[in-house]
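Below are the chains, spelled out letter by letter.
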Amino acid sequence: MLDGIAAGALGVATPLMVERYVRGSGRYNLALGLVLTMQGVGAAFSAGLANGIVGRGGHFGLAFAVLAGCALLALPAFMLAQRTGGRVHGGAAAPAHPGALPRVLEPRA
């Protein structure tokens, strides 16, 4: 049950986070595809790493500790990215509220 709740939260949080970073750039689908591709690569890599650690000796505890350590190492990078996210890209001004479309600045004549 907890796995389903976590998957649902991740399924909602990921597109919202990507939208926050690419707001006004017109590259939402490209960015979301890149993020989901990297998520898939990470999932495949973690399963392969855990399988290599467990091996024939059955070191499940060690595999869990290594994967948990990788997550702990990624936490500061995630927190730093959250602080610097949501910047305005290109010549678009920030929207007035989250649902508003960005306003494109006209060039001066």
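Okay, so let's go over this structure.

How each quantity is defined
- Residues numbered from 1 in each chain as written.
- Predicted model: local features only at pLDDT ≥ 70, side-chain atom pairs only at ≥ 80, totals over all residues.
- Heavy atoms only, no water.
- Helix = DSSP H or I, 4+ residues; strand = E, 2+ residues; numbered from the N terminus.
- Buried < 20%, exposed > 50% of the residue type's maximum accessible area, 1.4 Å probe, protein only.
- Contact = heavy atoms within 4.5 Å.
- Areas by Shrake-Rupley, 256 points an atom, 1.4 Å probe, with all protein chains shown as cover.
- Phe/Tyr/Trp six-rings, centres within 6.5 Å; stacked < 30°, edge-to-face > 60°.
- Lys NZ or Arg CZ within 6 Å of the ring centre and 35° of its normal.
- Axes fitted to C-alpha atoms, helices over the stretch in contact; angles between N-to-C directions.
- Parallel < 35°, antiparallel > 145°, perpendicular 65-115°, else oblique.
- Left-handed = near helix turned anticlockwise from the far one by under 90°.
- Nonpolar A, V, L, I, M, F, W, Y, C, P; charged D, E, K, R; others polar.

Here we look at the overall build of the protein
Argument step 1. For the protein, the count of helices and strands is three helices and two strands.
Argument step 2. Overall, the protein shows an N-to-C arrangement of helices and strands of α-α-α-β-β.
Argument step 3. In the protein, which comprises 109 residues, the share counted as buried stands at 12%.
Argument step 4. Looking at the protein alone, contacts between residues at least 24 apart form 35% of all its contacts between residues at least 6 apart.
Argument step 5. Accessible surface for the protein amounts to roughly 8500 Å². Of this, 70% is attributable to carbon and sulfur atoms.

Some thoughts on the packing of aromatic side chains
Argument step 1. Overall, the coordinates contain zero aromatic pairs when judged by the stated rule.
Argument step 2. Positioned above the aromatic ring of Tyr 21, the side-chain terminus of Arg 20 is 5.9 Å from the ring centre.

Observations concerning the packing of helix 1 (residues 2–22) against helix 2 (residues 28–54)
Argument step 1. Axis separation between helix 1 and helix 2 bottoms out at 9 Å; the angle between their running directions is 135°. With respect to helix 2, the element helix 1 is oriented oblique. In the crossing of helix 1 with helix 2, the sense of the turn from one axis to the other is right-handed. Mapping the contact onto sequence places Leu 10, Thr 14, Pro 15, Val 18, Glu 19 and Val 22 in helix 1 and Tyr 28, Ala 31, Leu 32, Val 35, Leu 36 and Gln 39 in helix 2.
Argument step 2. For the contact of helix 1 with helix 2, the per-class residue count stands at nine nonpolar, two polar and one charged.

Honestly, that's just the spatial picture; any functional story needs more than this.
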